[in-house]
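These are the residues of each chain, in order.
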Amino acid sequence: MPRTEFIATGFHVPARLVTNDDLARLMDTSDEWITQRSGIKTRYWVSDGETGATLAREAACKALTKAGLEPGDLDCIVYCTCTPDHFEPGNGVFLQRELGISDIPAIDVRNQCSGFLYGLSVADAWIRTGAYRRILLVGAEVHSRGLDKTTRGRDTAVLFGDGAGAVVLGPTDDPRRGVLSVHLFADGRHAEKLWVDGPGLAHDPYVSEEMLQQGKHRAVMDGREVFKFASVLMPKSVDLALQANGLTPGDVTLLVPHQANLRIIEMVQKLAGLRPDQVYANIDRYGNTTAASIPIALDEALAAGRLRRGDLLILTAFGSGFTWASAAIRW
Ligand code: COA
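Quantities reported herein were computed from a predicted structural model and do not represent experimental measurements.

## Digging into the sheet that holds strand β1 (residues 3-12)
Then, number 1: Taking strand neighbours across the sheet as the criterion, the five strands line up as β1-β7-β6-β4-β5 in an open arrangement whose pairing is mixed. Every interior strand has two partners, whereas the edge strands, β1 and β5 (106-109), have only one. Neighbour-to-neighbour, the strand axes of the sheet open up by a mean angle of 20°, direction not taken into account.
Then, number 2: Where strand β6 (residues 135-141) meets strand β7 (residues 163-172), seven bridges bridge the pair, whose relative direction is antiparallel. By the bridge assignment for β7, Leu-136 is matched with Val-168.

Structural data, given as structure tokens:
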């Protein structure tokens, strides 16, 4: 059975840079509070005419160009997001249309901050079994339009940013390379600790004036609980990725964790037994871009020369659900 290799990566963020001081003009917050609690200094927000699918298209085109491929060479699209452009259909078909291709399958994966790793697991299984050869795996989010940009929503509004990351995946027969393992987890007992209640078909009517007034269409979060679980379960998932492959923290070239909060990333680094130089963080510039954060960070890390052929890459994520996951990849 072949393994799955990362052929190329790409990312795209909107042009509109939003600083902490910009946010302090919209709500009662400060650069100091945001920096101390999260490590975030800036994030990017979409402007008129931009959507999740257009961000994804830009990221995908960069990855395809690096891979020396055309959109028509793709066999399948796996699109990971928790901020879809529409209730239905899924964003995969909108991206497909943006890329000017048709007929190939497009699947949406709705696993929030763990979305990219859930999507990787799906794509990896299809590549290993030979179902599809060239898969475009995308994580893309437009959070900014959904945020409550008043003091009421300040605990979440300051954390999230917009962006897209894409990878082109394919089979390799080189037994020393590729995706070694992906481990996925979920615990729905915590579903309401980070969620958007409505509009949703659990409600009748599924959307109402009252619901909007109550702010049920905004993401709400129990930040402390999220922090507590993330900082324990992400390092555990890293341990598992290493143990499952007979590896130790010393073998890791680079850990690219989901970028939720710099304090969480530092906890993960310490609890996983890694040195700071083994971990990549760019949360200061992009904020939390949910399913896009890992592919954005990975593309940057590659451009910075942080990974070379044969190196060991570990990915880990945690988010709403709760869901969490890890992957081990021999580059
Ligand atoms: N600016 C200024 N003050 C703010 C604020 C903001 N943006 N957001 C909240 N506050 C206030 C709170 O209202 C609270 O005030 P009070 O003490 O008067 O009630 C105070 O700051 C402290 O809030 P608290 O919730 O105790 O802060 P915290 O240390 O737990 O940090 C988070 C809050 C959200 C930064 C932190 O819990 C966190 O990062 N959690 C994980 C979030 C995350 O990563 N989510 C995505 C997971 S994928």
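So, next bit.
## Points about the domain arrangement of the protein
Then, number 1: By the assigned domains, the protein splits into domain 1 (3-172) and domain 2 (178-330).
Then, number 2: Here domain 1 and domain 2 have C-alpha centroids that lie 14 Å from each other.
Then, number 3: Taken together, the 52 residues of domain 1 in the interface contact 50 residues of domain 2.
Then, number 4: Looking at the side of domain 1 facing domain 2, the largest losses of area belong to Phe-11, Cys-113 and Leu-117, adding up to 17% of the total buried there.
Then, number 5: Between the two partners, domain 1 and domain 2, sit one salt bridge.
Then, number 6: Ionic pairing is found between Asp-299 and Lys-66, a salt bridge with its closest N-O pair at 2.7 Å.
Then, number 7: The interface formed by domain 1 and domain 2 includes 20 residue pairs in polar contact (both at pLDDT 80 or more).
Then, number 8: At the level of elements, β1, α2 (31-38), β3 (42-45), α5 (115-129), β6, α6 (154-157) and β7 are the ones that each hand at least two residues to the side of domain 1 that touches domain 2.
Then, number 9: Broken down by class, the residue content of the side of domain 1 that touches domain 2 amounts to 19 nonpolar, 20 polar and 13 charged.

## Quick word on the side chain of Gln-96
Then, number 1: Within the secondary structure, Gln-96 is located in helix α4 (residues 91-98).
Then, number 2: Setting aside anything within four residues of it in sequence, one finds Gln-96 in contact with Ile-77, Ile-101, Ser-102, Asp-103 and Ile-104.

## Observations regarding the nonpolar core
Then, number 1: Judged by nonpolar contacts, the single largest core of 37 residues is most densely connected at Leu-23, Leu-242, Leu-255, Ile-314 and Phe-318.
Then, number 2: Where this core is concerned, the elements lending two or more residues are α8 (223-244), α9 (262-271), β12 (312-319) and β13 (323-330).
Then, number 3: Ranked by residues supplied to this core, first place goes to α8 with seven residues.
Then, number 4: Both domain 1 (3-172) and domain 2 (178-330) contribute no fewer than three residues apiece to this core.
Then, number 5: In this structure, Phe-6, Tyr-118, Leu-254 and Leu-307 belong to the second largest nonpolar core, which totals 33 residues.

## Observations regarding unusual backbone geometry
Then, number 1: Along the chain, Glu-88 connects to Pro-89 via a cis peptide bond; the corresponding omega equals -5°.
Then, number 2: Checked against the element boundaries, Pro-89 lands in the loop between β4 (76-80) and α4.
Then, number 3: The residue Gln-112 is not glycine, and still its phi comes out positive at about 50°.
Then, number 4: Of note, Gln-112 is situated in the loop between β5 and α5.
Then, number 5: By relative accessible area, which is 13% here, Gln-112 ends up buried.

## A look at the packing of α8 against α9
Then, number 1: Two elements in contact, α8 and α9, have axes whose closest approach is 8 Å; the angle formed by their N-to-C orientations is 35°. Crossing of α8 against α9: the hand is right-handed. For the pair α8 and α9, the contacting residues are Phe-227, Ala-230, Ser-231, Met-234 and Pro-235 in the first and Arg-263, Ile-264, Met-267, Val-268 and Leu-271 in the second.
Then, number 2: Its residues assigned to classes, the contact of α8 with α9 comprises eight nonpolar, one polar and one charged.

## What about the sheet that holds β13?
Then, number 1: The four strands are arranged β8-β13-β12-β11 in an open sheet whose pairing can be described as mixed. Strand pairing shows two members of the sheet lacking a second neighbour, β8 (178-186) and β11 (254-257), which therefore form its edges. Between one strand axis and the next, the sheet turns by 10° as a mean value, whatever way the strands run.
Then, number 2: Alignment of β8 against β13, held across eight bridges, turns out to be antiparallel. Considered in β13, the bridge of His-183 is made with Ser-326.

## Things to note about the packing of helix α3 (residues 52-67) against α4
Then, number 1: Where α3 meets α4, the closest approach of the two axes is 9 Å, and the angle between their N-to-C directions is 55°. By the criterion of interaxial angle, the relationship of α3 to α4 is oblique. Between α3 and α4 lies a crossing of right-handed hand. Contacts from Gly-52, Ala-53, Thr-54, Ala-56 and Arg-57 of α3 reach α4 at Asn-91, Phe-94, Leu-95 and Glu-98.
Then, number 2: Counted by class, the contact of α3 with α4 contains four nonpolar, three polar and two charged residues.

Conventions and cut-offs
Residues numbered from 1 in each chain as written. Predicted model: local features only at pLDDT ≥ 70, side-chain atom pairs only at ≥ 80, totals over all residues. Heavy atoms only, no water. Pairing = 2+ DSSP bridges. Helix = DSSP H or I, 4+ residues; strand = E, 2+ residues; numbered from the N terminus. Axes fitted to C-alpha atoms, helices over the stretch in contact; angles between N-to-C directions. Domains from an automatic or database assignment. Contact = heavy atoms within 4.5 Å. Buried area = accessible area lost by both parts, 1.4 Å probe. Salt bridge = Lys/Arg side-chain N within 4 Å of Asp/Glu carboxyl O. Polar contact = N/O pair within 3.5 Å; in protein donor to acceptor, adjacent residues only side chain to side chain. Nonpolar A, V, L, I, M, F, W, Y, C, P; charged D, E, K, R; others polar. Core = buried A, V, L, I, M, F, W, Y, C linked by side-chain atoms within 4.5 Å. Buried < 20%, exposed > 50% of the residue type's maximum accessible area, 1.4 Å probe, protein only. Left-handed = near helix turned anticlockwise from the far one by under 90°. Parallel < 35°, antiparallel > 145°, perpendicular 65-115°, else oblique.

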